[in-house]
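Fold and geometry: a report
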Amino acid sequence: MSAGPRRRLLLLLLLPVWGSAAAHNGDLTVRPTCKPGFSEQDYTAFISQNIMEGQKLLKVKFNNCAGNKGVRYETNSLDFKVRADGTLYAAHHLQLPSKQLILVVTAWDPQSLGRWEAMVRFLVAEKSQHNGHKPKGRKALPGELVQQQSDTLLPWRQHQSANGLRRQKRDWVIPPINVPENSRGPFPQQLVRIRSDKDKEIHIRYSITGVGADQPPMEVFNIDPVSGRMYVTRPMDREERASYHLRAHAVDMNGNKVENPIDLYIYVIDMNDNRPEFINQVYNGSVDEGSKPGTYVMTVTANDADDGTTANGMVRYRIVTQTPQSPSQNMFTINSETGDIVTVAAGLDREKVQQYIVIVQATDMEGNLNYGLSNTATAIITVTDVNDNPPEFTTSTYSGEVPENRVEVVVANLTVMDRDQPHSPNWNAIYRIISGDPSGHFTIRTDPVTNEGMVTVVKAVDYEMNRAFMLTVMVSNQAPLASGIQMSFQSTAGVTISVTDVNEAPYFPTNHKLIRLEEGVPTGTVLTTFSAVDPDRFMQQAVRYSKLSDPANWLNINATNGQITTAAVLDRESDYIKNNVYEATFLAADNGIPPASGTGTLQIYLIDINDNAPELLPKEAQICEKPNLNVINITAADADIDPNVGPFVFELPSVPSAVRKNWTITRLNGDYAQLSLRIMYLEAGVYDVPIIVTDSGNPPLYNTSVIKVKVCPCDENGDCTTIGAVAAAGLGTGAIIAILICIIILLTMVLLFVVWMKRREKERHTKQLLIDPEDDVRDNILKYDEEGGGEEDQDYDLSQLQQPETMDHVLNKTPGVRRVDERPIGAEPQYPIRPVIPHPGDIGDFINEGLRAADNDPTAPPYDSLLVFDYEGSGSTAGSVSSLNSSSSGDQDYDYLNDWGPRFKKLADMYGGGEED
């Protein structure tokens, strides 16, 4: 034991009326309300890197406030396990590589179904310190100390005395402080008083830190720095914050720490101040009709913001009302704890009740209606349809009528009744024909809107074969019937369909009909009888025949019996023949009402005969005038086909004799031969060479064809030269020279004409302003390229545009020049006197004088303007000049007007030519 006196720290807990306290030797001790959980939320222990299997590492302490009976522990790691007493041990041998290992220990109470968790942190020590073994006499690790005193908030400090005994000193021992929420005050209310036994020797100042003190939310708690009394300053709300962790500090007047800080845990006690709140105000669920009792429907959920581990937050459910109450007022029940709604009675029938509205109430305080708070929600339960009603025909028999040879015609509508939900698979009808239609003439389609069955013809019926049909039909649904539901007798019905006779068109039994014969049969030959059959056996009708298509007009048909005869010779080589076949179409019409007709096609295969002589190919060729340089390959074309074609025989006629003298034919094969010169030289020119070609038909036919051969001089390659080709065409050397001279003359004339046009164009551009009458007098546009002074034209005195005070500058102007924007004042200006007979240069001088006067005019504005060289006044009282008589008796001679050109021709005719008239 220490020699000096030991100071002890006194803690006075002054609790308000809501706390549980008892006096012992004049001191206040706190008996906190039991709260299930671990003694610590975070455990820490030192362990070595090498851990043996089964080695104890740590012991956690848990209290469920019921003696820990049945509490089970588990971890989130397969390497560690927890025994029933809370001892944590290694499940097998471990080698830990990291310096720190963190795992979570979970305590599970099977009675309350509660689960609590705590974090365990292992700090791995170095091998040099522990060496994988625990030596004897080793001091306990801090983690082990925590477990030895797990009922306190901080471990005891270890002190070793001289005699080897250990003692433990508790600096601060503070149990959790419980504060009820929603307290009405008055505030501040004292919670606890903290005092150190050193306050008798020195003055101590107390303070608290943490969330709720100097951290947001600020100043929820405060402490008297002198007395150590801690207060709460306002009402608490557990739903806002359930607990606070503060640290209390004790310092002297100089701010030096007197005691170690102490941890204060403040728990807000829950009050039942929140109603259960449903997640949704309206829940929608469904259940099949006919469901057995106990069938799950839906789950409603309400949450209570109060503490769920107390009765304040324990919600219970019940059904308040059910609408409608049919067939029973209690068709559903609800699990009071889970909120699952299930059926409790049989008799759900969608055809009677399609929807139920159930009001569900949720109450806390474990459903105690006297003390608990309640809330309600609406559960809408829809009874879903099942196929418990088979479709039934509204009548047992149906009838209809259909014309023969018609398809896609609805002959009868079958109506059914089904009480299941419309337009669902349980309601949609499917129709089948059971009997009466072995050939498949009919099908039954379902109208998607009315669910009716439409009996439709899909294969044409024949009145002559079947005059009526007796069908047996059955109806079912898309979905199979529900279990235990049988098909109704009314799901089967009979349908009688009558077939009406209509006038059917005659038809040709063999269509297309093919016959074979040789071409060239004479006109009037009977080929075949192409007759039609009238299917209307019960109608007495006559059939008449006519041609519908006969491209070559080679055939005739008997209108009564359909006998086909030739109207012309049939030629296989005609353009109307395709692949040796000639096609003609005939019409057979009856006399019914209305009349009907059918068509038939007759195909005539024409067998070839040798009726076409071969033709020589080519018709023209050219050859050199000397032999052995080139030859002409010839062949033949025959319109007939094998065996009336090749091999061909080519030969030269004996007349004229010059043919065989000059030419020779060499046979290559059955279809080709070569024509060449027999003599050593033949003069250039065009020669008609007759050749006889004979085919291999029976009897054979021959033809004498003429080939035009151009004989010409050739080069060393055997090709005709250009001059030689012209010579071969029949032109002599003189003719060729004449043609070349004509071409040269023509080119020279074109060149001279172009030179003359260029010279004339140049003269037109160099003419004077006034031209002689002999030249072309068309109007011309003269371009002066004068655009004024630009921006300088904008700087002028506008006073110049006003009428001046004096007229001196106007009267002193050069006669004959005046601006267009001035009114003439004073005597009219005198223009330069023109000579009686003007010269073309006089007008130019006159214009130049006016230009000089305008340039020297001091009153002219600085912009370009129009100059007027004559002014005729504002008007004239004289009559029109057209009233003047052209036969003037003056002595003036106007003949000079004839020399002024076309512009003055009218005046010259009026004055100059008066005497001649």
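Residues numbered from 1 in each chain as written. Predicted model: local features only at pLDDT ≥ 70, side-chain atom pairs only at ≥ 80, totals over all residues. Heavy atoms only, no water.

Let us now look at the overall build of the protein. A count of helical and extended segments in the protein gives eight helices and 58 strands. Taking the intrachain contacts of the protein between residues at least 6 apart in sequence as the baseline, contacts between residues at least 24 apart amount to 65%. Accessible surface computed for the protein: about 56,000 Å², of which carbon and sulfur atoms make up 52%. (Helix = DSSP H or I, 4+ residues; strand = E, 2+ residues; numbered from the N terminus. Contact = heavy atoms within 4.5 Å. Areas by Shrake-Rupley, 256 points an atom, 1.4 Å probe, with all protein chains shown as cover.)

Bringing the nonpolar core into the picture now. Counting residues in each nonpolar core, the largest one holds 25 residues, and the members touching the most others are F38, L58, Y73, L88, V105, V120 and F122. Put simply, the parts of the chain that give this core at least two residues each are β5 (42–47), β7 (56–59), β10 (80–82), β11 (87–90), β13 (100–109) and β14 (114–124). Ranked by residue count, the leading element in this core is β14, at five residues. Excluding anything up to four places from it in sequence, V120 contacts Y43, L58, V60, L88, L101, I102, L103 and V105. (Core = buried A, V, L, I, M, F, W, Y, C linked by side-chain atoms within 4.5 Å. Buried < 20%, exposed > 50% of the residue type's maximum accessible area, 1.4 Å probe, protein only.)

Once that is clear, we can look at the state of the cysteines. Simply put, the disulfide is a covalent bond whose two ends are the sulfur atoms of two cysteines. Summed over the entire model, instances satisfying the criterion amount to one disulfide. There is a disulfide in this structure between C624 and C714, and the S-S distance comes to 1.8 Å. Judged by the sign of its S-S torsion, about -105°, the bond between C624 and C714 is left-handed. Linking C624 in strand β50 (residues 620–624) with C714 in the loop between β56 (702–712) and α4 (722–728), this pair joins segments that are 90 residues apart in sequence. (Disulfide = S-S within 2.5 Å.)

With that settled, consider the side chain of E181. By the secondary structure assignment, E181 is in the loop between β17 (177–180) and β18 (189–194). No salt bridge is formed by the buried E181. Its closest oppositely charged neighbour is R238, at 4.8 Å. One polar contact links the side chain of E181 to the main-chain amide nitrogen of M271, over a distance of 2.7 Å. In this structure E181 touches M236, D237, R238, E239, V268, I269, D270, M271, D273 and D306, once residues within four positions along its chain are discounted. (Lys, Arg positive; Asp, Glu negative; His and termini not counted. Salt bridge = Lys/Arg side-chain N within 4 Å of Asp/Glu carboxyl O. Polar contact = N/O pair within 3.5 Å; in protein donor to acceptor, adjacent residues only side chain to side chain.)

Once that is clear, we can look at the packing of aromatic side chains. For any pair of aromatic rings, the description rests on two quantities: the centre-to-centre distance and the angle between the ring planes. Summed over all chains, the structure comprises 18 aromatic pairs. Through a chain of ring-to-ring contacts, the aromatic side chains of F38, F62, Y73 and W116 assemble into a single cluster. Above the face of the Y89 ring, R83 is positioned so that its terminal group lies 4.0 Å from the ring centre. (Phe/Tyr/Trp six-rings, centres within 6.5 Å; stacked < 30°, edge-to-face > 60°. Lys NZ or Arg CZ within 6 Å of the ring centre and 35° of its normal.)

Below, the discussion takes up unusual backbone geometry. The omega torsion of the bond from P216 to P217 falls at -5°, within 30 degrees of zero and hence cis. Along the chain, the position of P217 falls in the loop between β19 (204–210) and β20 (221–223). Geometrically, the link from S326 to P327 is a cis peptide bond, its omega value of -5° lying close to zero. Within the element layout of this structure, P327 appears in the loop between β28 (316–323) and β29 (332–334). One non-glycine residue, N182, lies in positive phi territory at about 60°. Position of N182 among the secondary structure elements: in the loop between β17 and β18. One non-glycine residue, N451, lies in positive phi territory at about 70°.

What follows covers the side chain of S705. With respect to the helices and strands, S705 occurs in strand β56. Residue classification places S705 among the buried residues on the basis of a relative accessible area of 4%. Only 3.4 Å separates the side chain of S705 from the backbone nitrogen of L616, close enough to count as a polar contact. Not counting residues within four places of it along the chain, the set of residues in contact with S705 comprises E615, L616, V689, P690 and I691.

Across the protein, pLDDT averages 78, with 76% of residues at or above 70. Low confidence marks residues 1–32, where pLDDT is under 50. Its contacts with residues over four positions away, or in another chain, come to 65 contacts. For residues 826–832, every residue scores under 50 in pLDDT, and the model assigns this stretch 13 contacts once sequence neighbours within four places are set aside. (pLDDT = per-residue confidence, 0-100.)

Where charged atoms from two side chains of opposite charge come close, those side chains can pair. Within this structure, the stated rule accounts for 15 salt bridges. Between E74 and R115 there is a salt bridge whose closest N-O contact spans 2.8 Å. Linking E74 in strand β9 (residues 72–75) with R115 in strand β14, this pair joins segments that are 41 residues apart in sequence. In this structure, the salt-bridge partner of R238 is D270, at a minimum N-O distance of 3.0 Å. Of this pair, R238 sits in the loop between β21 (229–232) and β22 (243–252) while D270 sits in the loop between β23 (257–269) and β24 (277–278); the two residues are 32 residues apart in sequence, bridging distant segments of the chain. Overlapping salt bridges, with partners in common, bring together R238, E239 and D270 in one network.

Judged by pairing direction, the sheet is mixed, and its four strands sit side by side in the order β42-β48-β47-β44 without closing on themselves. The open sheet has two free edges, formed respectively by β42 (513–518) and β44 (543–549), since each of these has just one partner strand. Mean inter-strand twist for the sheet, computed between neighbouring axes without regard to direction, equals 30°. (Pairing = 2+ DSSP bridges. Axes fitted to C-alpha atoms, helices over the stretch in contact; angles between N-to-C directions.)

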